[in-house]
Amino acid sequence: MGTANHGYAQQAQEEVRRLFPGAAFRYLAPAEVFVMEFPVASAEAVTTLRDKEPIFLRHIQPVDAELEAHGDAADIEALMNWAQSLPASRFAPGLPVAVHVRKPDGLALPYANADLRAALQETLAQQFGIEPVVRGAALIVSVYVTGDKLYAGVSEPAHNLSDWPGGAIRFQREDEQISRAKFKLLEAEQRFGLDLSDFRAALDIGAAPGGWTSLLLERGLRVTAVDPAALHPSLLGDHKLTYLRKNAGDVRFAPDSFDLLVCDMSWNPKQMARLVADLLYALRTNGLAVITVKLLHGKAFQTVREVTAAFAGSLELLRAKQLFHNRDELTLLLRRV
Ligand SMILES: C[S@@+](CC[C@H](N)C(=O)[O-])C[C@H]1O[C@@H](n2cnc3c(N)ncnc32)[C@H](O)[C@@H]1O
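Residues numbered from 1 in each chain as written. Predicted model: local features only at pLDDT ≥ 70, side-chain atom pairs only at ≥ 80, totals over all residues. Heavy atoms only, no water.

As recorded by an unreviewed UniProt entry, the protein chain carries the name SAM-dependent methyltransferase and is attributed to Gordoniibacillus kamchatkensis.

Visitor: When you look at the site of the ligand in this model, what are you seeing that I'm missing?
Guide: Within the structure, the ligand sits among 19 residues, and Ser179, Gly211, Asp227, Ala248 and Asp264 are positioned closest to it. Alanine 208 is positioned with one of its backbone polar atoms (N or O) 3.1 Å from an oxygen atom of the ligand. About the coverage of the ligand: the protein hides 83% of its 600 Å² of free accessible area. Across the shell around the ligand, the residue classes break down as 10 nonpolar, six polar and three charged. (Near = heavy atom within 4 Å. Polar contact = N/O pair within 3.5 Å; in protein donor to acceptor, adjacent residues only side chain to side chain. Areas by Shrake-Rupley, 256 points an atom, 1.4 Å probe, with all protein chains shown as cover. Nonpolar A, V, L, I, M, F, W, Y, C, P; charged D, E, K, R; others polar.)

Visitor: Explanation requested: the domain arrangement of the protein chain in the structure shown.
Guide: How big an interface is tends to be stated in terms of the accessible area lost upon association of its parts. Its domain assignment divides the protein chain into domain 1 (2–167) and domain 2 (182–336). The centre of domain 1, based on its C-alpha atoms, is set 34 Å off from the matching centre of domain 2. Across the contact, 16 residues belong to domain 1 and 16 residues belong to domain 2. Here domain 1 meets domain 2 over a buried area of about 1,300 Å², counting both sides, of which 50% is carbon and sulfur. On the surface where domain 1 and domain 2 come into contact, there are three salt bridges. Note that arginine 319 is salt-bridged to glutamate 53, the shortest N-O span being 3.5 Å. Residue composition of the side of domain 1 that touches domain 2, grouped by class: seven nonpolar, four polar and five charged. (Domains from an automatic or database assignment. Contact = heavy atoms within 4.5 Å. Buried area = accessible area lost by both parts, 1.4 Å probe. Salt bridge = Lys/Arg side-chain N within 4 Å of Asp/Glu carboxyl O.)

Visitor: Looking at this structure, how should I read the nonpolar core?
Guide: For soluble globular proteins, the rule of thumb is that nonpolar side chains tend to be buried together. Ranked by size, the top nonpolar core spans 50 residues in total, and within it Phe56, Leu57, Ile205, Leu261, Val276, Ile291 and Phe311 carry the most contacts. Each residue touching isoleucine 205, except ones within four places of it in the same chain, is listed here: Val226, Ala248, Leu261, Val262, Cys263, Asp264, Met265, Val276 and Leu279. Formed by 32 residues, the second largest nonpolar core is a distinct cluster that contains Phe192, Leu215, Leu221 and Ala225. (Core = buried A, V, L, I, M, F, W, Y, C linked by side-chain atoms within 4.5 Å. Buried < 20%, exposed > 50% of the residue type's maximum accessible area, 1.4 Å probe, protein only.)

Visitor: Honestly, the environment of aspartate 115 in this entry has me stumped. Any pointers?
Guide: Structurally, aspartate 115 can be placed in helix 4 (residues 113–128). Among the residues examined, aspartate 115 registers a relative accessible area of 40% and is labelled partly exposed. With 14 residues separating them in the primary sequence, aspartate 115 and valine 101 have C-alpha atoms 9.5 Å apart. At 2.8 Å, the side chain of aspartate 115 and the backbone nitrogen of alanine 112 are in polar contact. (Helix = DSSP H or I, 4+ residues; strand = E, 2+ residues; numbered from the N terminus.)

Visitor: Sorry, what's going on with the packing of helix 3 (residues 74–84) against helix 4 here?
Guide: Two quantities define a packed helix pair, namely the angle between the helix axes and the distance between the axes. Taken N-terminus to C-terminus, the directions of helix 3 and helix 4 make an angle of 30°; their axes are 9 Å apart at the nearest point. Between helix 3 and helix 4, the angle is such that the two are roughly parallel. Judged by the sense of rotation from one axis to the other, the crossing of helix 3 with helix 4 is right-handed. Of the residues in helix 4, those in contact with Ile76, Leu79, Met80, Ala83 and Gln84 of helix 3 are Asp115, Leu116, Ala119, Leu120, Thr123, Leu124, Gln127 and Phe128. (Axes fitted to C-alpha atoms, helices over the stretch in contact; angles between N-to-C directions. Parallel < 35°, antiparallel > 145°, perpendicular 65-115°, else oblique. Left-handed = near helix turned anticlockwise from the far one by under 90°.)

Visitor: So what exactly am I meant to see when it comes to the sheet that holds strand 8 (residues 139–145) here?
Guide: Strands in a sheet are paired, the pairing made by backbone hydrogen bonds, and the direction either parallel or antiparallel. Ordered in space as 5-9-8-6-7, the five strands form an open sheet in which the pairing is mixed. Each edge of the open sheet is held by one strand with a lone partner, namely strand 5 (65–68) and strand 7 (131–132). Here six bridges tie strand 8 to strand 9 (residues 149–155), and the two strands are oriented antiparallel to one another. Directly across from isoleucine 140, in strand 9, lies its bridge partner serine 155. Of the strands in this sheet, strand 5, strand 8 and strand 9 are in contact with helix 3, which crosses strand 9 at around 30°. Each of strand 6 (96–102), strand 7 and strand 8 touches helix 4; the most contacted strand, strand 6, lies at about 150° to it. (Pairing = 2+ DSSP bridges.)

Visitor: In this structure, what is going on with the side chain of threonine 123? I would like to understand it.
Guide: Position of threonine 123 relative to the elements: it lies in helix 4. By relative accessible area, threonine 123 is classed as buried at 4%. From its side chain, threonine 123 meets the backbone oxygen of alanine 119 in a polar contact 2.7 Å long. Those residues within four positions of threonine 123 in sequence are excluded, and the remaining contacts are Met80, Ala83 and Gln84.

Visitor: Would you mind showing me how to read the packing of aromatic side chains here?
Guide: Given two aromatic rings, one states the distance between the centres and the angle between the planes to describe the pair. Under the counting rule described, the total for this entry stands at eight aromatic pairs. The interplanar angle of 80° and the centroid separation of 6.2 Å between the aromatic rings of tyrosine 27 and phenylalanine 34 together place this pair among those described as edge-to-face. A relative accessible area of 42% means that tyrosine 27 is categorised as partly exposed. The side chain of arginine 135 reaches across the aromatic face of tryptophan 164, ending 3.8 Å from its centre. (Phe/Tyr/Trp six-rings, centres within 6.5 Å; stacked < 30°, edge-to-face > 60°. Lys NZ or Arg CZ within 6 Å of the ring centre and 35° of its normal.)

Visitor: Looking at this structure, how should I read unusual backbone geometry?
Guide: Excluding glycine, a negative phi dihedral is what most residues carry, and trans is how most peptide bonds are arranged. Backbone torsion omega between alanine 208 and proline 209 reads 0°, so that peptide bond is classified as cis. The residue proline 209 is located in the loop between strand 10 (201–205) and helix 6 (211–218) in this model. One non-glycine residue, asparagine 286, lies in positive phi territory at about 75°. Tracing the sequence through the fold places asparagine 286 in strand 14 (residues 283–294).

Below, the structure written as structure tokens:
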């Protein structure tokens, strides 16, 4: 089963079809969640999807069993029976196991996701002695509930592309949070396996109101924030911050001033790419760039091609991913060459 951000399932399926010509899809939640059938064994499909991770495929989970559902308490019973029939060899006593239960938005059922989760956790704990956990699981039992079916499977978290239910990664909202945009950089940090505190000096282009800048400062970096709009006043006293209240086209730096460049300008992608390309002399060789790219309607792949082409020879594309916190955009990780 695959999940994409709402409205991007078609793009995810297109990418999967390029990897597996002949793959077939059917939707469980419109434009978002779908079952995939591959012309190869599922283990091979998972390996390929991990190695060549599609941009728009946020999460995958196995469908080991497709159980009939009737929208009543018998569904819980059916799931518990399935759990009891799982091979004991997969569930050592004390093994940390997470149960993820999802259903399409708006589907009303007489039981809550939490009821199914609790019933499954209890069954697995009694049957195999596993330790139910929310995070840090060694195995995930995933269930997707529709009105007439229960799709259930067991996998290692790494085989799901994301270890959050449906890839919907959640961060704690802070009282003093400057912008929701901060979650995008937090998610990029996790998803791309970065440790932002490894960097020393960052250039933040299109920084206001300052969510990304605040995260970089929290990670201990010196930050140069460029934006004609106002940064949040809470940032202004920070001695590690240089704030240039200017258009990115009007700033100049000494060569190799930064080892990290971030840009979240939410602007026409071609113009954004041109502005960033003009500032790349200031990013050291091997320095990294995290850049969000706004997706113009219906032109997702063309936009990615155009933006990466604009960086050819100066930035190597390491990852491209539509993150859970991206709306009509995706996030690129690039390396200065
Ligand atoms: C989505 S917001 C950035 C949010 C920010 N990352 C945060 O975490 O708070 C986009 C910003 O890009 C800025 N921007 C747009 N065009 C720009 C340009 N040519 N030069 C500098 N900043 C620009 C806008 O003023 C706006 O503040």
